[in-house]
Protein chains: 2
Amino acid sequence: MEDWQSKIISIFNSKQKLSDAAVAALLKKWSHSVQLKRNDFLVSKGQIETNLYYVMSGSMRIFYPVKDEEICAGFAYDHNLICSYPSFIRQQPSDYAIQALTSTALKFIRRSDFYALFGDHHDVETAWRMLEEEALVGKIEREVEMLTFTPEERYKRLMDRSPHIFQIIPRKYIASYLRMSPETLSRIKLV
Amino acid sequence: MEDWQSKIISIFNSKQKLSDAAVAALLKKWSHSVQLKRNDFLVSKGQIETNLYYVMSGSMRIFYPVKDEEICAGFAYDHNLICSYPSFIRQQPSDYAIQALTSTALKFIRRSDFYALFGDHHDVETAWRMLEEEALVGKIEREVEMLTFTPEERYKRLMDRSPHIFQIIPRKYIASYLRMSPETLSRIKLV
DNA sequence: AAAAAAACTTGACGGGGATCAAGAAAATGT
DNA sequence: ACATTTTCTTGATCCCCGTCAAGTTTTTTT
């Protein structure tokens, strides 16, 4: 099994141990590749998400274009699963866009193939449910984070938790992710 | 079948049609009751959520106490499912509190009983997964709502979408839910 | 290695909405 | 029905942070 394949399986296994049959079926379908250059879009606003991606290498930002600005919802890098979840779930045009910040290599599985596995492999559905639950709880915790801390506290807490982000991601996107202007982030760092 | 029972089933059926056996098994376990008076807590901060509730009548607010204030995360009334999801999912102490705003009648199922159904009744798990997906997408959409609209726009959009809330819920909680001070909400209504 | 583009910094300014405060209105309970 | 508590309103003040602008540094491209 290749390294990226065991990484994908371990993401699922961390929630629910998959049977050998499920592992084989999942990997068989998780077989497509994309290669993006810097600034390429993986998903554009308005597009319907039909795939679930695994990031082999590189870095991406997830954001929603709104009026004349862009609000950063998150990032993805090595060994993350990524897609435009609302569009993936509802099969409606995506509000999110996902863009490569560096050249990025991805593997993906088609949504229809993925969902088709649920019938024969109950454990895949259970693991996926639990991964989605994690996403929901994460969203809720982040909401609290943004509401109860000052810009400076938000910066410090991200710095404590994920210092590597500051090496990979341009500050202006981090500022947007932390819900402040690039100028405010710049001034905070002076302190 | 009693009215509240068919309501619960229809919530699940809206996502995934349940088999007769699944319906029977689910309702058999969804058999406990609670009755709350105004201001009683269904869930307190720090408590671990072990139940999933259905609101028969009355109204509730979900909020997180933080520092010296309370931030309203949502409301629940007739025919809603409700629990402290992060605590229910992770079995960790709840950051949320849930409080009755009027006298409220609820039915509930124990988490352990609910999860136990998933083994024999795959369709219950699938319906539940889809309901959780709906919650996740809802959270994401609300985030956009809060970030891209002014206080006045947020008020008007809630007024358009859910005018009945203003008849049931005290304004100060609605203000908190809309992420503004009660004074700001009061001033907006003058316009 | 040089040119161009993108990202970051720093200063000046302004405004939207929070906070504080005090009075009015409404809801609750006995 | 009355007293008490809670909620809502309205005014005055203030400050945090966003915006605008101009210069600097870093990164990217060729």
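A.B. asks: Tell me about the overall build of chain A, residues and numbers included.
C.D. replies: Helix and strand counts for chain A come out as 9 helices and 8 strands. For chain A, the C-alpha radius of gyration of 18 Å lies close to 16 Å, the compact-globule estimate for 191 residues. Within chain A, the proportion of its 191 residues that are buried is 52%. Summed over all atoms, the accessible surface of chain A reaches about 9000 Å², with 51% contributed by carbon and sulfur. Averaging the positions of the 26 positive and the 24 negative side-chain charges in chain A gives two centres separated by 4 Å.

A.B. asks: Hey, could you go over the protein's contact with DNA strand D for me, with residue numbers and the actual values?
C.D. replies: Around DNA strand D lies a shell of 17 residues, among which A:Thr184, B:Arg171, B:Lys172, B:Arg187 and B:Leu190 are the nearest. Within 4 Å of the protein, atoms of DNA strand D come from sugar and phosphate in 61% of cases. A distance of 3.0 Å is found between a phosphate oxygen of DNA strand D and a side-chain nitrogen or oxygen belonging to A:Ser181. The side chain of B:Ser186 places a nitrogen or oxygen atom 3.1 Å from a sugar or linking oxygen of DNA strand D.

A.B. asks: I'd like to hear about the environment of A:Ser19, residue by residue, with values.
C.D. replies: All names here are of chain A. In this structure, serine 19 sits in the loop between helix 1 (3–13) and helix 2 (20–29). Remark: the alpha-carbon pair of serine 19 and proline 170, spanning 151 residues in sequence, is separated by 41 Å. Among the polar contacts listed, one links the side chain of serine 19 to the backbone nitrogen of alanine 22, at a separation of 3.1 Å.

A.B. asks: Quick one: what's the story with the side chain of A:Glu145, residue by residue and with numbers?
C.D. replies: All names here are of chain A. Looking at the element boundaries, glutamate 145 is found in helix 5 (residues 122–148). A polar contact is formed between the side chain of glutamate 145 and the side chain of arginine 157, at a distance of 2.6 Å. Not counting the four nearest positions on each side in its chain, glutamate 145 is found in contact with Arg154, Arg157 and Arg161.

A.B. asks: Kindly report on the protein's contact with DNA strand C, identifying the contributing residues and their values.
C.D. replies: Taken together, 16 residues lie around DNA strand C, and A:Arg171, A:Lys172, A:Leu190, B:Pro151 and B:Thr184 are the ones closest in. The share of sugar and phosphate among atoms of DNA strand C within 4 Å of the protein is 62%. One of the side-chain nitrogen or oxygen atoms of B:Arg187 is found 3.1 Å away from a base oxygen of DNA strand C. For the surface near DNA strand C, the secondary structure elements donating two or more residues are helix 8 (171–177) and helix 9 (182–190) of chain A together with helix 9 (182–190) of chain B. Considering each element in turn, the surface near DNA strand C owes the most residues, 5 residues, to helix 9 of chain A. Split by residue class, the surface near DNA strand C holds 4 nonpolar, 3 polar and 9 charged.

A.B. asks: Can you tell me about the nonpolar core, naming the residues and giving the values?
C.D. replies: Grouped together as the largest cluster of nonpolar side chains are 94 residues, with contacts concentrated most on A:Phe12, A:Trp30, A:Phe114, B:Phe12, B:Trp30 and B:Phe114. In contact with A:Phe12, other than residues within four places in its own chain, are A:Leu18, A:Leu26, A:Trp30, A:Leu81, A:Phe114, A:Val124, A:Ala127, A:Trp128 and A:Leu131.

A.B. asks: Go over helix 5 (residues 122–148) of chain B with me, naming the residues and quoting the values.
C.D. replies: Two residues of an α-helix separated by three or four positions point the same way, owing to the 3.6 residues in each turn. In this model, helix 5 of chain B (27 residues) spans 39 Å end to end at C-alpha, consistent with the 39 Å of a helix rising 1.5 Å per residue. Counting buried positions over the 27 residues of helix 5 of chain B gives 19, a clear majority of the element.

A.B. asks: Before we move on, can you summarise the sheet that holds strand 4 (residues 59–66) of chain A with the specific residues and values?
C.D. replies: Pairing within the open sheet is antiparallel, and its 4 strands lie in the order 2-7-4-5 (chain A). If you trace the sheet from one side to the other, it starts and ends with strand 2 (41–43) and strand 5 (69–77) of chain A, each paired once. Taken pair by pair, the neighbouring strands of this sheet meet at an average axis angle of 30 degrees, ignoring direction. Where strand 2 of chain A lies against strand 7 (residues 97–100) of chain A, 2 bridges are found, and the strand directions are antiparallel. The residue of strand 7 of chain A that forms the bridge with A:Phe41 is A:Gln99. Its contacts with the sheet place helix 5 of chain B against strand 4 and strand 5 of chain A, and it is angled at close to 60 degrees to strand 4 of chain A.

A.B. asks: For the sheet that holds strand 3 (residues 51–57) of chain A, give the residues involved together with the corresponding values.
C.D. replies: Each strand in a sheet pairs with another by means of backbone hydrogen bonds, the pair being arranged parallel or else antiparallel. Residue and element names in this part refer to chain A. Read from one edge of the open sheet, 4 strands run 1-8-3-6, paired in antiparallel fashion. Unpaired on one side and paired on the other, strand 1 (32–36) and strand 6 (81–82) mark the two borders of the sheet. The pairing of strand 3 with strand 6 spans 2 bridges and is classified as antiparallel. What sits directly across from tyrosine 54, in strand 6, is leucine 81. Together, strand 3 and strand 8 (104–110) form the strand contacts of helix 4 (residues 111–120), whose direction differs from that of strand 8 by roughly 50 degrees.

Conventions and cut-offs
- Residues take numbers from 1 onward in each chain, read along the sequence in its written order.
- Chain letters and ligand numbers both follow the written order, the letters beginning at A and the numbers at 1.
- Given that this is a predicted model, residues contribute local features only at a pLDDT of at least 70 and side-chain atom pairs are listed and counted only at 80 or more, while totals for whole chains, interfaces and linings are drawn from all residues.
- Calculated side-chain values reflect all of the structure's heavy atoms, with hydrogen atoms and water omitted.
- Segments assigned H or I by DSSP are reported as helices when at least four residues long, segments assigned E as strands when at least two residues long, and all are numbered from the N terminus.
- Two things to know: the radius of gyration comes from C-alpha atoms, and the globule rule equals 2.2 Å times the number of residues to the power 0.38.
- Burial classification: accessible surface area is computed with a 1.4 Å probe over protein chains only, and a residue below 20% of its type maximum counts as buried, one above 50% as exposed, and the rest as partly exposed.
- All accessibility values rest on the Shrake-Rupley procedure with a 1.4 Å probe; residue burial counts only the protein chains present in the view.
- Counted as positive: Lys and Arg. Counted as negative: Asp and Glu, with His and the chain ends omitted from the count.
- Charge placement uses NZ in Lys and CZ in Arg. For Asp and Glu, CG and CD serve respectively.
- Only heavy atoms are used to decide nearness, and a residue is near a molecule or strand if one of them lies within 4 Å of it.
- N or O atoms closer than or at 3.5 Å make up a polar contact, with two conditions inside protein: a donor-capable atom paired with an acceptor-capable one, and, for residues adjacent in sequence, both atoms drawn from side chains.
- We call two residues in contact whenever any of their non-hydrogen atoms come within 4.5 Å of each other.
- Basically, the charged four are Asp, Glu, Lys and Arg, the nonpolar ten are Ala, Val, Leu, Ile, Met, Phe, Trp, Tyr, Cys and Pro, and anything else, Gly included, counts as polar.
- For this analysis, a nonpolar core means a set of buried residues of the types Ala, Val, Leu, Ile, Met, Phe, Trp, Tyr and Cys, connected via side-chain atoms within 4.5 Å.
- A helix is expected to span 1.5 Å for every residue after the first.
- Whether two strands pair depends on DSSP finding at least two bridges between them.
- Each axis is a line fitted through C-alpha atoms, taken for helices only over the stretch in contact, and angles between the N-to-C directions span 0 to 180 degrees.

All we've got here are geometric facts, nothing functional implied.
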